[in-house]
Every structure is written in C-alpha cells, then in structure tokens.
Amino acid sequence: MTSLWLDRAQTFTSDPFEPDTRYDTVVAGAGLTGLVSALLLARSGQNVLVLEARYPGAVTTGNTTAKVTLLQGTFLSQLARQYSPKQVQAYVDGNREGQAWLLRYLDEQKVPYQRRDAYTYAASAQGTEKLREEISAASTAGLDVDYVRDAGLPFPVHGAVRMRDQAQVNPLEVLDALIADIRGRGGHVVSGVRLQDVTGDSPAAVRTNRGSVRADRVVLATGIPVLDRGLYFAKLTPSRSYAAALDLQEGQAPPPGMYISVEQPTHSLRDYEADGRKLLLVGGHGHHVGRTPSEKAHLAGLLDWAGQHYPGAVATHTWSAQDYLPTNLMPFFGKLPRGKGHIYFGTGYNKWGMTNAVAAALDISADILGGQVPWANTIHHRVTSPAGAFSAVALNAGVAARLATDWGKVTAEGRRFDGGKGRAGQPAAPAEAGSAPPPAEGQGKVHREGNRPVATSTVDGTTCRLSAVCTHLGGIVHWNDNEKTWDCPLHGSRFTNEGKLLEGPATKDLPTAGTV
C-alpha cells in the first residue's frame, strides 16, 4: 500500500551521516513538525541536522489527506466541553498561525495549493445537534462559519457547517520545498538513521543506529516521542485510518469542497488533480492500532461506502495512516519532561497535523531561540479536566487488560515447538522443520514455542519467524492483514513482516525467534 503522495518517480537523496559531529540542534523526524522546526532554526543561523529513520514523509505526513483547515470536524466543540474559552481560543490561535505560516511559505516558494471551502456534515438527523455545537464553539473562538443545507455532495445530508477559503495541498511537495530550503541554509537532512537515545547534559549525546553525534538541543518530531520520559505513550491513543484515491466514471466529479462527517465511521472527502484528471480522495474507518480482527475489512468498508455514492469508481491508490489522539484532547508540544531542558517534542495532533504540526514547530523554535508565543503559553498551562483524566485511566486500564489477555491467550493456546535459533539484527529466521506449520500466503499468526511467543508470517512466499513481543513495553504483536505488518495493540509500534521497525514509540526491531 503506497499513498498517492509517495507514489512518485522522484527519490530522496540523503546527506551523509557523520558520527561524532556536533550540531546546535538535532531534529529526529523528517515530517512536517521536524522540517518546519529545522528550517526556522536554520534561518536563525543554527547548524541543524535532521535525522529520518526511513525517508521524508514516510509516516504521517506522507499518508495524510492534507487538509489545511481551521474547521476540524467537531473538534472545537469537544474541546469546549473540557476546557475554558481561553484554552479553546489558544488552540484556535495556534492553528490559525500555523495555517497562515504554511500558506505564506508555500506562496513564497511557489508551491501550488488549492483553496477550498471546508465542510463538516451530518448524514443523519441526530448529527445536526453536533453541528450546532460546533458552530457555537467555532463562533465563540472567532471563526467565520455558517450553517448550510446543501454542501454539494452527491448524497443527501441533514446540514453542514461551512468555513470558506481553507486549503488543501500535496504534502510531499511541501516537504520537498522545506528540505531544499534547509539545505540552502547549511542544514543537513539524513535518511536511514534512527535516533535511539539522548543522554547527558548540553551538548547531549544523540545515539543512533549508526553512531552518535552531539547537540545542544534535540527535537523529537517522531509522531509519538521515542523517548519514554514523560510517559506520553500512556497519554495517547494510537489510531489507524484508511484512505483511497478514486478515478471516477465519465460524468462523475468530486464534490467542490473538503468534507468530513460527524458520524462514525468517519468519512472524509477532497479532490486532487493528477495527470489532467481529478481524483476523489476518501478517508476514514479508523480504529485503535492492533485491536481489530481485520484491517482489510476497514479498508473494504471505506471502498464500499465510496462505491455506493460513486458507482464504478476505480481505486488508483489505497493506503493508511497513523495518528495519536491525546486522552485530554489538547496536543502536546514544547520541552520534554526529564529532558534537562534541552529536549523538545510535538505529538497528539488529533488527525489535524497540517496546522498543528506547524503550530508546534513555531513554539518549539521560538523557545529554543529565546522567544515566547502567547497562545502556546496558555496551552502549556492547561489543567486536565475530570473527563480527560478519566479517559487516561480508561486508556491505560485497557492497555493493561490487553497485555494480560494477550499473554494469557498465548499461554493457554500455546503448543511446544522446537523453534530455530537466531540473533538480534540478523534477517528474520525462515521456518524450520519441527516448528509450527507456516501460515498461508499473506497471513500471520502468534503461537508459543516453549515459553516464548513467536510471530510467524508468510509474505511473497517467504515465511519469517520473529519474537512476538514488542520491543517497547512487551505487548504481544498483532498481524495486520491489510499491510502485512506486525502491530502492537498497546502503544502502536509497527514492524514489517521481517521485523523491521516502521513507527511508534519502539526504537528497536523485533528480534528473530529464539533470540534471548
């Protein structure tokens, strides 16, 4: 599965990685948060290094639907139920500044984007009450929104909230401009290097899978912080959702705006012009990472929904993205607790990262350079509401229950097999005689060999055997039948069928089965 944005002939050329070099700031993660932070620091004259474990846009930014909008579903009314008007206003001000900065930057760099009206629509009569609450929260925060009966969709709705003159982008074109600008100012962007730890006072030692460098400041822009200080993995729900680009039939056309439903499962729509034709992009049908019987069924449900309203549409691309949803709703950014004042981070954008990521980067860079951002100071001093605290307790109770259930299931259902031995860092071990029968093509399963949970899968004719224990906090991984990956249901770390780390709070690959 490759997103529409990542499916392109252009490839990324990494700068060389030079161990034992010192930098003013090292940024981990070449998505929107990381690259905007790096650019703002490079503009000030800092010597900046961006480390990307895979390639720019590999995780959330390259798999977003890329709406740059201040109308964000029903999120403002959700915030208003937990926070004071001052806190909600600060969130809106931050997103407004993030949107303005990004669009101004794209104008300066001559990167194309499209202006579109944004709509939050109700497909049911019950959903209209949520629309009224959103209008109230948005209007209180100074956003110019209105209620419309006809949103321009090819199916009936009971009403919609509209905000005019928002924007949509190709996110990879945004990243391309940022990378070129960073390099033009003396910065370095390196791929294939994964940050694994940060130790010591400033200048800190930044340890990676390819050696260490030193830096006065470190920015973690890795989706979820890969350092467990602050325990943000316990404050965020990892969510996986799906998207598709559709080539429509003759006589059909994408609707004229950007849309998202108030009902669940969520349905998101926007257009994109490629090779002289307008594609329809749809998204939604999300779930907690690793906690669904079949990821493939979620994508199929999204495509079925699209086919009902656009008969005969053909999917040119299908993909999925991972987002992190704070239990108290408000994004986290700024100084990382127990980071000795020199580690910064951004996370928890609630699927609205095109504005929140830039807002976080503006605050992070201002803090590093000695400035202050009023709206950010207000957000930093928020107090978690009882509802937010209860949500955090429920999340972590669910994590504990899942951990116990999965280990219990492996123990109860396990059978003893004579598994093969392997070493960490080696390619995944092929199935051996005497081990569990290999799964069918495209399938994976967890079983017990002795006292060890083993994850076995068969992809492209090759059967691989790995430890089934997530390298973050010991969860039992789950087979993702849509992307042929191993996903941890606790905090969202994901690994290829061969055990290579893709994303999440983990910093190490899954070892081969039998590794101690």
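Higher on the page you've got the structure.
Residues numbered from 1 in each chain as written. Predicted model: local features only at pLDDT ≥ 70, side-chain atom pairs only at ≥ 80, totals over all residues. Heavy atoms only, no water.

Q: If you had to explain the overall build of the chain to someone new, which residues and values would you point to?
A: Scanning the chain from N- to C-terminus turns up nine helices and 25 strands. Relative to the compact-globule value of 24 Å for 516 residues, the chain shows a C-alpha radius of gyration of 23 Å, a close match. Viewed in the frame of its principal axes, the chain has a C-alpha envelope of about 65 × 55 × 50 Å. Buried positions account for 59% of the 516 residues belonging to the chain. By sequence separation, contacts in the chain at least 24 residues apart represent 71% of the contacts at least 6 residues apart. Measuring between centres, the 51 positive side-chain charges of the chain sit 6 Å from its 49 negative side-chain charges. (Helix = DSSP H or I, 4+ residues; strand = E, 2+ residues; numbered from the N terminus. Rg over C-alpha atoms; globule rule 2.2 N^0.38 Å. Buried < 20%, exposed > 50% of the residue type's maximum accessible area, 1.4 Å probe, protein only. Contact = heavy atoms within 4.5 Å. Lys, Arg positive; Asp, Glu negative; His and termini not counted. Charge placed at Lys NZ, Arg CZ, Asp CG, Glu CD.)

Q: Residue-level account of helix α7 (residues 353–368), with values.
A: Because an α-helix completes one turn every 3.6 residues, residues spaced three or four positions apart along the sequence face the same direction. Between its first and last C-alpha, α7 extends 21 Å over 16 residues, near the 22 Å set by a 1.5 Å rise per residue. Burial of α7 is extensive: 14 of the 16 residues sit out of reach of the surface. Remark: G370 follows α7 within two positions and exhibits a positive phi of approximately 90 degrees. (Expected span 1.5 Å × (residues − 1).)

Q: Any chance you could break down the pairing of strand β2 (residues 48–52) for me, citing the residues and the numbers?
A: Along β2, five of the five residues are buried, which leaves the element largely enclosed by surrounding structure. Neither face of β2 is open: one carries V48, V50 and E52, the other L49 and L51, and all of them are buried. In this sheet, β2 lies alongside strand β1 (residues 22–28) in parallel orientation, the contact comprising four bridges. In the sheet register, T25 faces β2, and the bridge partner there is V48. (Pairing = 2+ DSSP bridges.)

Q: Talk me through helix α6 (residues 295–309); I want residue IDs and the actual numbers.
A: In this model α6 runs 22 Å from its N-terminal to its C-terminal C-alpha over 15 residues, within 8% of the 21 Å that 1.5 Å per residue would give. Listed as buried for α6 are E295, H298, L299, L302, W305 and A306. Summarising the axial view, the buried residues of α6 lie within an arc of 120 degrees, below the 170-degree limit, and thus occupy one face. The backbone nitrogen of K296 has a side-chain oxygen 3.4 Å away, supplied by the residue at the start of α6, namely S294. (Arc of directions from axis to C-beta. Polar contact = N/O pair within 3.5 Å; in protein donor to acceptor, adjacent residues only side chain to side chain.)

Q: Summarise the packing of aromatic side chains; cite the residues concerned and give the values.
A: What the rule picks out here adds up to 10 aromatic pairs. Measuring from centroid to centroid gives 4.9 Å for W5 and Y272, while their planes differ by 85 degrees, and the two rings are edge-to-face. Placement of the pair is W5 in the segment before β1 and Y272 in strand β13 (residues 267–274), with a sequence separation of 267 residues. Residue classification places Y272 among the buried residues on the basis of a relative accessible area of 14%. Where W101 meets Y105, the ring centres are 5.1 Å apart and the plane angle is 5 degrees; that geometry is what we call stacked. Within this pair, W101 and its partner Y105 are both found in helix α3 (residues 85–109), separated by four residues, close to a single helical turn. Classification of Y105 as buried rests on a relative accessible area of 1%. Members of the aromatic cluster, each reached through a chain of ring pairs, are Y121, F155 and W305. (Phe/Tyr/Trp six-rings, centres within 6.5 Å; stacked < 30°, edge-to-face > 60°.)

Q: Account for the environment of W352, with residues named and values stated.
A: Position of W352 relative to the elements: it lies in the loop between β17 (343–347) and α7. A C-alpha to C-alpha distance of 9.6 Å links W352 and G73, two positions 279 residues apart in sequence.

Q: Could you give an account of the nonpolar core, naming the residues involved and the relevant values?
A: If you look at the biggest cluster of nonpolar residues, it comprises 83 residues, and the most contacted ones within it are L32, L76, L79, W101, L106 and L178. Sorting elements by how many residues they give to this core places α7 first, with 10 residues. Setting aside residues no more than four positions away along its own chain, L32 makes contact with T61, V174, L175, L178, G353, M354, A357 and V358. Residues Y23, V26, A28 and I224 belong to the second largest nonpolar core, which totals 28 residues. (Core = buried A, V, L, I, M, F, W, Y, C linked by side-chain atoms within 4.5 Å.)

Q: Could you give an account of the side chain of E295, naming the residues involved and the relevant values?
A: Tracing the backbone through its elements, the reader meets E295 in helix α6. One buried charged residue, E295, forms no salt bridge at all, with the nearest opposite charge on R240 at 7.6 Å. (Salt bridge = Lys/Arg side-chain N within 4 Å of Asp/Glu carboxyl O.)

Q: Can you lay out the packing of helix α1 (residues 32–43) against α7 for me, pointing to particular residues and giving the numbers?
A: Put simply, α1 and α7 touch, their axes get as near as 8 Å, and they point 35 degrees apart. As for the relative orientation of α1 and α7, their crossing is right-handed in sense. Within the contact between the two elements, α1 uses L32, T33, V36, S37, L40 and L41 and α7 uses G353, M354, A357, V358, A361, L362, I364, S365 and I368. Here the contact of α1 with α7 is composed, by residue class, of 11 nonpolar, four polar and no charged. (Axes fitted to C-alpha atoms, helices over the stretch in contact; angles between N-to-C directions. Left-handed = near helix turned anticlockwise from the far one by under 90°. Nonpolar A, V, L, I, M, F, W, Y, C, P; charged D, E, K, R; others polar.)

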